[in-house]
Number of protein chains: 2
Amino acid sequence: MIDNTQTETELERQAPKETERFDVAIIGAGPAGMSAALGAARANLNVLLIEKALPGGETSTACKISNYIGFPKGILGEDLGKRMEDQLNDYPTITHVCESVTDILNISDKEKIIKTSLDSEYKCQAIIFALGLEPKRLDTNFERQFLGRGVSYYARGDVEFHHEEDVMVIGGGNCACYAADYLSNFVNKVYMVHSKDHLRAVKSIKQSVETNPKIDIFWDSKVSEVFGIDRVEKAKVENTVNSQHTWLDVKGIFVYVGRIPPEDIISVEIDTDEDGFIITDEFMRTNIPGIYAAGDIRSKQVRQIATAVSDGMIASINVERDFFR
Amino acid sequence: MIDNTQTETELERQAPKETERFDVAIIGAGPAGMSAALGAARANLNVLLIEKALPGGETSTACKISNYIGFPKGILGEDLGKRMEDQLNDYPTITHVCESVTDILNISDKEKIIKTSLDSEYKCQAIIFALGLEPKRLDTNFERQFLGRGVSYYARGDVEFHHEEDVMVIGGGNCACYAADYLSNFVNKVYMVHSKDHLRAVKSIKQSVETNPKIDIFWDSKVSEVFGIDRVEKAKVENTVNSQHTWLDVKGIFVYVGRIPPEDIISVEIDTDEDGFIITDEFMRTNIPGIYAAGDIRSKQVRQIATAVSDGMIASINVERDFFR
């Protein structure tokens, strides 16, 4: 959809010439990618920022972000994503494109070529992988059957369909707890279904979930069946210890069982750890010269916005040091 | 100075009982220290945050911060420091005190004791050093003679004394450039005096300084003499290559020749690199169990708010993992 109020400059920036050559291409416009773009632009590099969805990455789908310092009372993921994007608009050397990367040619050469789903080819000297993670699927039939019709991986985006209804969150980690806590503000009841007998989350959010009267937790449990004519209507929760089961009238099922590296990146020959996370040194360099990684996709201990933003900045600084000095 | 509008709670938090025991003490309330406090408080730890000056650390003295993503058009250091502080106020388990640390007793024991300039003794299990850096002195007579009377290390704090006057910035790195650029908005003329023949700064700010009509740069130069009856009146700039000199009528001299670890920390037996920066592993652990370091004081490549905030969060997470699980 073309917005006629766009200025010529904005339109140009959305449609770079296919033959254009960039100093650095950043794949993924979450906090790591946007911080990398900021750092690269400040070093006067010609930056291509490729994002297949909305800028902000997974951040934009987050309910409330309280662990990135500088935002009293926390900030909605969507708002933080927007602020990050706005900040990049101060730098004319950043070109945003909304495309999916399909392939990277000549990855070990000095000039690498990025191919996208829109058949564009972008040439660049360095690439920063900042793809973030994707929600892990449970790999169940009901997910495939009801995705978009009651089953969701994004509480914030899909809560609007469930006002005053009963919903379910599957999972027991940080993200599951945040989602349950967030959903409880809008829905009638949240049932958490967790495979273990305790939550694995930051203590403050854990307490808040455990004491929330609108949240009931099913421990040592899984969802074994979902029923619905057109959309989710009921889910069967089974206790894996005593095999007892309960049918719950839930209209929404939010799956929060972890986040994994996107599969499409695996085709590139970059060293990863056993879980598929990209291995880098402290300068964010991968095993391939000119290829860097930043943010949650990296093999590292702490995956937060704060660490992603730091990674992105470090990656951009090293691109500049390694190639443009 | 007591502000009578303070609530009882605020007063209590400013005056913890001397015998109180904290899970973790964080020394320094800059971005690293505040991010560490945030992370620790979110893990429900009982946090003591010790800062000898204003919260925000050196950040609060920064002119404009543009490299921390989330703030379109940048943000004044003072404002960012305030926002960080406000965010910590959401967590009742953080106790702020405004004191200088004078000594740390039993540093290798399970219970460490922090002594301060106000004769307080605080007991804690873990300590995060987040002291940041201090402005490096040139170690000249004129600095000692005119400090606070024309010589300053903080452009933002002291610019108000020099509206429409001519001032000087000594240095040629990032901070010197930012200071010169910032000062040029308020003063009549900025002379930069730099020991080398080129600026060593991020390209965008470098360009902005080099093309700013209000900024003149003296290359390969140093200030060899400063004259003034009571305050700075004139400074002699000497070219170190051709020995020519010029007397300039400047009323302010801003020294920006680098930042170094605070000396008082050196007395503690922590492993540092040859420049005095604290060595840690990727988990922010120092060589002493229970002692962590975060932010600019760490031996590392990139010193920015983004990396400091990341360090602080990682340190707090590892304090929790190492001691409270």
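Residues numbered from 1 in each chain as written. Chains lettered and ligands numbered in written order. Predicted model: local features only at pLDDT ≥ 70, side-chain atom pairs only at ≥ 80, totals over all residues. Heavy atoms only, no water.

Working definition: the strands of a sheet are paired by backbone hydrogen bonds and lie parallel or antiparallel to each other. Residues and elements named next belong to chain B. Read from one edge of the open sheet, three strands run β14-β15-β16, paired in antiparallel fashion. Where the open sheet ends on each side, the last strands, each with one partner, are β14 (221–227) and β16 (245–248). Across the sheet, the axes of successive neighbouring strands diverge by a mean angle of 25 degrees, strand direction being ignored. The pairing of β14 with strand β15 (residues 234–239) spans six bridges and is classified as antiparallel. Residue pairing for β15: Lys222 is matched across the bridge by Glu238. (Pairing = 2+ DSSP bridges. Helix = DSSP H or I, 4+ residues; strand = E, 2+ residues; numbered from the N terminus. Axes fitted to C-alpha atoms, helices over the stretch in contact; angles between N-to-C directions.)

What follows is about the nonpolar core. Judged by nonpolar contacts, the single largest core of 82 residues is most densely connected at Tyr68 of chain A together with Tyr68 of chain B. By size, the runner-up hydrophobic cluster in this structure holds 22 residues, among which are Val167, Val169, Val190 and Met192 of chain A. (Core = buried A, V, L, I, M, F, W, Y, C linked by side-chain atoms within 4.5 Å. Buried < 20%, exposed > 50% of the residue type's maximum accessible area, 1.4 Å probe, protein only.)

So, on to helix α3 (residues 77–88) of chain A. Residue and element names in this part refer to chain A. With 12 residues, α3 extends 17 Å between its outermost C-alpha atoms, agreeing within 8% with the 16 Å of an ideal straight helix rising 1.5 Å per residue. Those residues of α3 not exposed but buried are Gly77, Leu80, Gly81, Met84, Gln87 and Leu88. Down the axis of α3, the buried side of the element spans an arc of 125 degrees, and every buried residue falls inside it. (Expected span 1.5 Å × (residues − 1). Arc of directions from axis to C-beta.)

Let us now look at the pairing of strand β2 (residues 47–50) of chain A. Alternating residues of β2 of chain A divide into Val47 and Leu49 of chain A and Leu48 and Ile50 of chain A, and every residue in both groups is buried. Remark: the strand β1 (residues 21–27) of chain A/helix α2 (residues 31–42) of chain A/β2 of chain A crossover connection has right-handed handedness. (Right-handed = clockwise from strand over helix to strand, strands pointing away.)

What follows deals with the interface of chain A and chain B. Taken together, the contacts link 42 residues of chain A with 42 residues of chain B. Summed over both sides, the interface between chain A and chain B buries roughly 3,800 Å², with carbon and sulfur atoms accounting for 53% of that surface. Counting the surface chain A buries against chain B, the share from its top three residues, Arg42, Ile69 and Gln301 of chain A, is 22%. One salt bridge in this structure joins Glu320 of chain B and Lys203 of chain A, with 3.9 Å as the shortest N-O distance. For the pair chain A and chain B, the interface holds 22 residue pairs in polar contact (both at pLDDT 80 or more). Secondary-structure elements contributing two or more residues to the side of chain A that touches chain B are α2, α3, α7 (203–210) and α8 (305–323) of chain A. Per-class residue counts for the side of chain A that touches chain B are 21 nonpolar, 13 polar and eight charged. (Contact = heavy atoms within 4.5 Å. Buried area = accessible area lost by both parts, 1.4 Å probe. Salt bridge = Lys/Arg side-chain N within 4 Å of Asp/Glu carboxyl O. Polar contact = N/O pair within 3.5 Å; in protein donor to acceptor, adjacent residues only side chain to side chain. Nonpolar A, V, L, I, M, F, W, Y, C, P; charged D, E, K, R; others polar.)

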